[in-house]
Every structure is written in C-alpha cells, then in structure tokens.
Amino acid sequence: MCSILITGANRGIGLGLVKNLLVHQQPKIQHIFATCRDKGKAKELMELTTNSKLHVFEADLIDHGSFFNLASQVSNVVKDKGLNVLINNAGISSKFTRIGLVKSEDLLNHFKVNTIGPIMLTQAFVPLLKTASKTNSNSVGKSSAVILNISSIMSSITLNNQGGFYPYRTSKVALNAATKSLSIDLKNDGIIAVNLHPGWVKTSMGGANAPLSIEESVAGICKLLTEINQSYNGGLYDYQGKQLPW
Ligand SMILES: NC(=O)c1ccc[n+]([C@@H]2O[C@H](COP(=O)([O-])OP(=O)(O)OC[C@H]3O[C@@H](n4cnc5c(N)ncnc54)[C@H](OP(=O)(O)O)[C@@H]3O)[C@@H](O)[C@H]2O)c1
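Since the model is a prediction, treat every value here as computed from it, not as a measurement.

What counts, and at which threshold
Residues numbered from 1 in each chain as written. Predicted model: local features only at pLDDT ≥ 70, side-chain atom pairs only at ≥ 80, totals over all residues. Heavy atoms only, no water. Phe/Tyr/Trp six-rings, centres within 6.5 Å; stacked < 30°, edge-to-face > 60°. Helix = DSSP H or I, 4+ residues; strand = E, 2+ residues; numbered from the N terminus. Buried < 20%, exposed > 50% of the residue type's maximum accessible area, 1.4 Å probe, protein only. Axes fitted to C-alpha atoms, helices over the stretch in contact; angles between N-to-C directions. Left-handed = near helix turned anticlockwise from the far one by under 90°. Contact = heavy atoms within 4.5 Å. Nonpolar A, V, L, I, M, F, W, Y, C, P; charged D, E, K, R; others polar. Near = heavy atom within 4 Å. Polar contact = N/O pair within 3.5 Å; in protein donor to acceptor, adjacent residues only side chain to side chain. Areas by Shrake-Rupley, 256 points an atom, 1.4 Å probe, with all protein chains shown as cover.

Asker: Break down the packing of aromatic side chains for me, citing the residues and quoting the values.
Answerer: A complete count under the given rule lists 2 aromatic pairs for this structure. Measuring from centroid to centroid gives 6.1 Å for Phe 33 and Phe 57, while their planes differ by 10°, and the two rings are stacked. Residue Phe 33 is found in strand β2 (residues 29-36), and its partner Phe 57 is found in strand β3 (residues 54-58); the two are separated by 24 residues along the sequence. Judged by its relative accessible area of 0%, Phe 33 falls in the buried class. Note on Tyr 232 and Tyr 237: the rings are 4.7 Å apart at their centroids and 45° apart in plane angle, and the pair reads as tilted. Neither residue differs from the other here; Tyr 232 and Tyr 237 are each classed as buried.

Asker: Hey, could you go over the packing of helix α3 (residues 67-78) against helix α4 (residues 104-135) for me, with residue numbers and the actual values?
Answerer: α4 packs onto α3 with a crossing angle of 35° between their chain directions and a minimal axis gap of 9 Å. When the axes of α3 and α4 are compared, the crossing they make is right-handed. Packed against α3, whose contacting residues are Phe 67, Phe 68, Leu 70, Ala 71, Val 74, Ser 75 and Val 78, the element α4 presents Gly 117, Met 120, Leu 121, Gln 123, Ala 124, Phe 125 and Leu 128 at the interface. Its residues assigned to classes, the contact of α3 with α4 comprises 11 nonpolar, 3 polar and no charged.

Asker: Explain the site of the ligand to me, using residue names and the numbers behind them.
Answerer: Around the ligand sit 28 residues, and of these Asn 10, Arg 11, Arg 37, Tyr 168 and Thr 203 come closest. Ile 13 has a polar backbone atom sitting 2.8 Å from an oxygen atom of the ligand. Note that an oxygen atom of the ligand is positioned 3.5 Å from one of the backbone N or O atoms of Gly 199. Against a free-state accessible area of 890 Å², the protein chains account for coverage of 93% of the ligand. Those elements that place two or more of their residues in the shell around the ligand are α1 (12-24) and α5 (166-185).

Read these as geometric descriptors, not functional statements.
Below, the structure is given as structure tokens:
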C-alpha cells in the first residue's frame, strides 16, 4: 500500500494524475493527497472526494512557510508509513517570453512557484519520504520513495533551438539542478529524485494546439512511476521514459 501527493491538482495534468491514479492503481494506493490553492474553486477535484482515498488540502506554492503545516496534516493521515511519492506538479508559464518583454517580477515569480516552491515543499516532506523508504513498503512501482519534479523539455539547454521563454526556461533549469542535488543528497536514504517532461499537453498552459491529451500524458507518467528505479535517479525523462539531454 502506498501514498502519493500531487500539487496543482485542481486542473490540467495534476487533476489528470489524480483521476488516473484513482481509477487504475486502486488496489495499491491507500492515500492520494491532492493540493490546490482554493478548494472552493476546485469543483471537479472536490467531486472526486467521494472516494475516501482522496484527501484534498490547500497549498499555495509561494507560501513557503505553510509547507511544514501541510506535511503535518499528511503525517496525521499516513502515520508511521510515511509518504511514498511526492509529485511537484504545480507550475506557471508566462506569456512574456521574448527578451524585450521580460519583466524582473515575472522572472522572480517563476522562480518562487517553479523552483523555490518544489524545493521548500520537498524539504518539508523529506522526513515522511525517509519514513516510507525505511518501512520499505511497496510503492506504486520498484521504489519505496520517489520525488517526481515536473519539469519540461524547455529546460533542456541542448534542445533549445527557439530561444525566448526566459522565466519558464530558467526556473525549470534551476528545478532540474535541485532535483540532481536531491538525487545525491537523499540516495543513501533510498529516495529517488527524477525530473519529468510530461509532453506537450492540451492544458491551459500547453494550449489547444498541443498534440497530447491529458489522458495520454498521465497514462505515460503513471506507467513510468511503476518503472522508476535507481537508474533514473537525478535524470530528466519524458512521459514515455525516454531520457532527455540537459
Ligand atoms: N502542458 C504542457 O504542455 C506542459 C509541458 C511541459 C511541462 N509542463 C509542466 O506540467 C506541470 C502542470 O502543467 P499544466 O499543463 O497542467 O498547467 P495548468 O493546466 O496551467 O495547471 C497548472 C497548475 O498549477 C497550479 N498553480 C499555479 N500557480 C500555483 C501556485 N502559486 N501555488 C499552487 N499551485 C499553483 C494551478 O493552480 P490554479 O488553478 O490555482 O492556478 C494549476 O493547478 C507544470 O509544472 C508545467 O510546467 C506542462
């Protein structure tokens, strides 16, 4: 039995992950923790709470000081079993993408949500991830404790042939760097940290021209979750399990 926490779960890929996990992983998953900024505005997510495995908590990724309280709420549910999977999914992408339009506040905001948020949230959840790793309970796949940071192919410096997207690209590159450090720092605790590109997906962020449906992307991510092992630690992968260059 295992437990998973997903941030930004009220819409887009986060909501898709909750739906997929509720339907397809039922027997193995004991608790799914889904966070959103405002339960009152998360109608579709709240409707899923008829399934008692789903617990919804409010969390704003820029309110870094609230993360230990969130971890304590999760701890009250999982008790001595800890948390097996932390999916740092919530993120933003600015429309001000070209150099002439970049604003310093926009850059800062992207770092707060896309980089600092996931790092500080992970800090708050490390004790629960360590507990899950120690109890060696079966997670969704081969590992007992996994941090999945939702990054982007746009964080790849090698694959950047279009330029622009300064706030988004730089904040996701920094997230990748943090994931790499987590993969080293937490290795001896049996915790695996992976960066994941979900594909170009039809969400509010990905837009209507994106080739992938949410269902296709999350099916790939959930399959990958069952396959992640030590060989993935610290790397950048896409939703089909293909490794991407930095
Ligand atoms: N869609 C793509 O093609 C694509 C491609 C590569 C990577 N990604 C990554 O995939 C992840 C999910 O993206 P998506 O496409 O599902 O985007 P989305 O539909 O725009 O959803 C973004 C989610 O992040 C939440 N969020 C934004 N700011 C937040 C904050 N300050 N605190 C807490 N939650 C916040 C949103 O909540 P609210 O509703 O409250 O705003 C929403 O739940 C992101 O990390 C994104 O960078 C997406």
